[in-house]
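Given next are the chains, with one letter for each unit.
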2 protein chains.
Amino acid sequence: MVTSSQGPAAECVNVPLADRSYRIEITSDAVGGFADSIIASLGDVTHVLVIADQAVEQSWANPLAAALESAERGTAGAIRVSQTSVASGETSKSIAEFERLLQWVSAEGGDRRSVIVAVGGGVIGDLAGYVAASYARGIRFVQVPTTLLAMVDSSVGGKTGINLPTAKNMVGAFWQPSLVLVDTSVLSTLPDRSYLSGLAEVIKYGVIDDAEFFDYLESHASDLVARDPKALRHAIARSCQSKASVVGEDERETSGRRAILNYGHTFAHAIESTAGYGTFLHGEAVAIGMQMAAQLAIDLGMCDATLLDRQTKLIVACGLPTTWADADPDAMLPVMMRDKKVAHGKLRFILPTRLGAVDLLGDIDEAAVRDAIVKLKK
Amino acid sequence: MVTSSQGPAAECVNVPLADRSYRIEITSDAVGGFADSIIASLGDVTHVLVIADQAVEQSWANPLAAALESAERGTAGAIRVSQTSVASGETSKSIAEFERLLQWVSAEGGDRRSVIVAVGGGVIGDLAGYVAASYARGIRFVQVPTTLLAMVDSSVGGKTGINLPTAKNMVGAFWQPSLVLVDTSVLSTLPDRSYLSGLAEVIKYGVIDDAEFFDYLESHASDLVARDPKALRHAIARSCQSKASVVGEDERETSGRRAILNYGHTFAHAIESTAGYGTFLHGEAVAIGMQMAAQLAIDLGMCDATLLDRQTKLIVACGLPTTWADADPDAMLPVMMRDKKVAHGKLRFILPTRLGAVDLLGDIDEAAVRDAIVKLKK
Ligand SMILES: NC(=O)c1ccc[n+]([C@@H]2O[C@H](COP(=O)([O-])OP(=O)(O)OC[C@H]3O[C@@H](n4cnc5c(N)ncnc54)[C@H](O)[C@@H]3O)[C@@H](O)[C@H]2O)c1
Ligand SMILES: NC(=O)c1ccc[n+]([C@@H]2O[C@H](COP(=O)([O-])OP(=O)(O)OC[C@H]3O[C@@H](n4cnc5c(N)ncnc54)[C@H](O)[C@@H]3O)[C@@H](O)[C@H]2O)c1
Ligand SMILES: [Zn+2]
Ligand SMILES: [Zn+2]
């Protein structure tokens with residue numbers, strides 16, 4: 001793991017959403033400077049509510065809260081900081097935790113000008129973002145993602161929400177952050193498997209949107225696996241750029257454009273579900289799912305075999321699985337039929353036509369899908 | 001109470017909100033036709049979830065659900081209708097009820113194309129609207145208001161939400177309905193006091209926005225008190241028109257324009273709170289509050305005394321209170337200071353300059369406010 005700092009290097013991505021536009025700042029040694037970024041970007045901040053994942057409370061949330069509290073602001077006065085933490089893990093994305101946090105914000109005297117800062121992975125971002133969307137019918141919030149998946153995916157795009165006992169992400173709001181602050185050094189404490197899992201979504205952007213970025217990933221895979229800050233900043237910035245441009249065209253998932261972000265995901269959800277939740281991390285299932293999708297595209301004559309070759313090599317280089325020995329089309333197909341991408345009982349897939357470009361294909365033959373699954377069963 | 005039908009007369013108001021624009025249809029004998037309106041307006045409806053106040057379940061929700069279920073739609077097929085009821089009263093605007101309804105929608109197989117229909121007063125509209133805003137990050141909903149307050153106020157404007165134990169309406173979303181269906185005959189079962197209370201908001205629109213409408217109200221007060229369908233349709237349409245135009249300029253309460261709807265309300269909230277909740281109905285407190293606000297405007301030289309005279313006569317003609325013998329400035333002022341309209345510790349009020357026009361005045365002297373309260377203490 002590379003720990004040398006790269007100096008004041010920073011990358012910036014703008015998410016273009018009219019009056020809801022915002023910036024993503026990507027640095028490698030700036031957590032200390034996050035307080036300044038928040039103050040500079042948001043203007044009239046007098047009360048900040050920090051909501052952190054327990055796993056990063058000590059290491060990242062406390063220093064950020066302290067920096068906010070002691071920020072020198074002249075006549076603007078000190079910032080009042082409230083802080084709470086949330087138990088790590090998906091079960092915190094519940095209505096019970098949502099309610100607890102809303103009552104906490106109220107007890108802390110939150111008003112329409114208060115700002116929520118979410119410090120954690122996708123769980124905390126989704127949960128705290130939904131609290132921000134709902135309190136006083138919407139207050140500002142800042143994402144400080146601490147997992148690679150959150151940096152390249154969940155903290156960009158404005159989807160916030162919680163789970164129902166029977167349905168994941170079924171309750172929520174589209175609510176854009178005012179600012180996203182990424183520091184790659186935060187990833188130093190992230191376990192390997194979780195880190196590598198995030199790389200699957202990075203590869204996804206290369207395949208669906210950005211062939212040049214795919215080239216870059218091929219030549220820098222070992223740097224990324226070693227968590228090299230410079231390579232990471234570039235990969236995160238390009239990933240966010242891709243997601244931001246898709247989201248900018250289809251903010252509320254109405255035009256269908258946003259669906260391209262689901263490349264590999266119809267298969268992945270079926271893999272996660274039939275393997276039993278917890279067997280694969282999400283990114284691992286996405287890696288295998290992208291392989292199945294690419295295989296399906298080749299079988300349907302939509303793209304040539306080199307795409308799958310290159311994708312396979314890159315996934316392997318990133319330490320992720322490319323096949324699943326236990327894949328069972330009989331178990332996976334029913335799950336896929338229940339997926340959101342199914343319209344009128346017909347399977348629909350995001351499939352690559354070449355590196356950097358995908359098509360939405362409806363009306364796909366079940367037999368072809370089975371074939372693709374079986375071919376990746378190695 | 002007038003019960004004679006007025007034939008197929010209907011009024012329509014458009015709420016202009018770009019791609020969130022919608023229609024308010026106001027009729028007097030058309031509940032039977034609501035199913036057709038929903039189908040015609042919303043297009044691809046295959047699943048409707050009716051959420052009704054227990055008090056109107058039998059009389060209004062059941063027939064509507066039955067009409068939806070038996071609608072003749074040729075090849076479009078039958079509509080699947082799910083139905084539930086909610087206990088009457090403000091306590092239903094809770095996170096617990098919000099959660100129950102979300103799980104119910106999920107158990108009923110609700111998806112992104114399902115439509116929620118709220119049948120009830122402001123409580124049901126706010127609660128069911130917030131469920132619609134949150135399920136699958138937002139599904140369509142239709143308001144079928146059954147109180148006069150809901151017809152002229154809460155069902156227009158897109159504010160949805162629930163209460164925290166310590167803060168009313170503190171959690172929610174801006175989420176516009178797709179359609180609002182008003183049938184004045186629904187009001188036949190509404191108790192007198194609740195009905196008259198709704199007239200206070202109607203008078204409010206005349207004062208803040210529409211002098212000609214104020215004239216109309218003066219000459220038709222007895223028709224309105226008698227619930228004459230024609231007068232009611234006109235009064236509801238003009239009220240909705242006023243609210244719609246304000247909301248169209250300030251959908252999310254950011255420009256300040258929407259604040260004019262709070263005429264009389266800073267006083268009213270203090271009256272409701274110091275009298276003890278339940279002593280006054282909201283509209284009764286608003287009536288007295290508008291009197292205090294008009295008095296304050298006169299004392300500050302902002303408008304002349306005839307405005308208060310005419311307002312007093314109209315409020316009396318509508319069977320509402322114009323004074324409060326127990327008004328206590330020492331008790332009311334602290335409540336008003338905590339109100340949202342206070343900025344930097346200074347009281348701010350929406351005050352009339354003449355009939356049909358108001359100004360937002362900040363920096364008002366506490367003594368003047370006390371004076372106005374005491375003058376209405378008769
Ligand atoms: N909103 C969106 O657009 C979107 C997109 C994709 C995923 N998601 C959601 O994101 C969630 C998954 O996100 P995730 O993978 O970040 O999971 P997560 O938030 O649960 O984090 C994974 C684990 O890492 C720990 N952790 C976080 N940061 C750490 C750090 N710096 N060092 C050490 N440990 C750390 C957490 O405590 C947790 O145990 C899911 O709930 C998913 O639904 C949302
Ligand atoms: N969203 C907004 O913009 C907005 C604006 C104003 C008020 N509100 C909210 O609206 C609520 C008050 O609305 P409300 O006054 O309609 O109260 P409500 O919904 O509680 O209805 C009042 C009573 O009348 C009963 N009822 C309803 N329709 C009836 C009918 N046709 N016949 C007989 N009984 C009937 C109800 O059961 C209830 O007991 C409050 O929660 C308030 O916060 C919201
Ligand atoms: Zn994913
Ligand atoms: Zn009111």
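Residues numbered from 1 in each chain as written. Chains lettered and ligands numbered in written order. Predicted model: local features only at pLDDT ≥ 70, side-chain atom pairs only at ≥ 80, totals over all residues. Heavy atoms only, no water.

Where an unreviewed UniProt entry is consulted, chain A appears under the name 3-dehydroquinate synthase, with the organism given as Rubripirellula reticaptiva. What UniProt states about chain A under its Catalytic activity (unreviewed entry) heading is, verbatim, "7-phospho-2-dehydro-3-deoxy-D-arabino-heptonate = 3-dehydroquinate + phosphate". Among the UniProt annotations of chain A, the heading Function (unreviewed entry) holds the following wording: "Catalyzes the conversion of 3-deoxy-D-arabino-heptulosonate 7-phosphate (DAHP) to dehydroquinate (DHQ)." (UniProt positions renumbered as here; feature names shortened; annotations may be inferred.)

1. So, the sheet that holds strand E9 (residues 179–183) of chain B
Residue and element names in this part refer to chain B. Read across the sheet, 7 strands follow the order E1-E2-E9-E6-E5-E3-E4 without closing on themselves; strand pairing throughout is mixed. Every other strand in the sheet has two partners, leaving strand E1 (10–15) and strand E4 (80–86) as the edge strands with one partner each. Ignoring strand direction, the axes of neighbouring strands in this sheet form an average angle of 15 degrees. Sheet topology places strand E6 (residues 140–145) next to E9; 2 bridges connect them, and they run parallel. Residue pairing in the sheet places Gln143 in a bridge with Val180 of E9. On the sheet, helix H3 (residues 95–107) packs against strand E3 (47–53), E4 and strand E5 (115–120) and is oriented at approximately 165 degrees with respect to E4. Across the sheet, helix H8 (residues 229–249) touches E1, strand E2 (22–27) and E9, and the angle it forms with E1 is around 5 degrees. (Pairing = 2+ DSSP bridges. Helix = DSSP H or I, 4+ residues; strand = E, 2+ residues; numbered from the N terminus. Axes fitted to C-alpha atoms, helices over the stretch in contact; angles between N-to-C directions. Contact = heavy atoms within 4.5 Å.)

2. So, the site of ligand 2
Residues and elements named next belong to chain B. Lining the immediate environment of ligand 2, one finds 22 residues, of which Glu90, Gly122, Thr146, Thr147 and Thr189 sit closest. Take Lys93: an N or O atom from its side chain is 2.8 Å from an oxygen atom of ligand 2. The backbone of Lys159 places a nitrogen or oxygen atom 2.9 Å from a nitrogen atom of ligand 2. For ligand 2, the accessible surface in isolation is 860 Å², of which the surrounding protein chains cover 80%. Taken together, the residues of the shell around ligand 2 break down into 6 nonpolar, 8 polar and 8 charged. (Near = heavy atom within 4 Å. Polar contact = N/O pair within 3.5 Å; in protein donor to acceptor, adjacent residues only side chain to side chain. Areas by Shrake-Rupley, 256 points an atom, 1.4 Å probe, with all protein chains shown as cover. Nonpolar A, V, L, I, M, F, W, Y, C, P; charged D, E, K, R; others polar.)

3. Here's the deal with helix H2 (residues 54–69) of chain A
For an α-helix, the turn length of 3.6 residues means that residues three or four places apart are oriented alike. Residue and element names in this part refer to chain A. A maximum bend of about 45 degrees is found in H2 at Trp60, where proline Pro63 lies one to four positions downstream. Along H2, the residues classified as buried are Val56, Trp60, Ala61, Leu64, Ala65 and Leu68. Those residues of H2 that are buried are in contact with helix H1 (34–42), strand E3 (47–53), strand E4 (80–86), strand E5 (115–120) and strand E6 (140–145). Sitting at the amino-terminal end of H2 is Asp53, which places a side-chain oxygen 2.8 Å from the backbone nitrogen of Ala55. (Bend = angle between axes of the 7 residues up to and from the residue. Buried < 20%, exposed > 50% of the residue type's maximum accessible area, 1.4 Å probe, protein only.)

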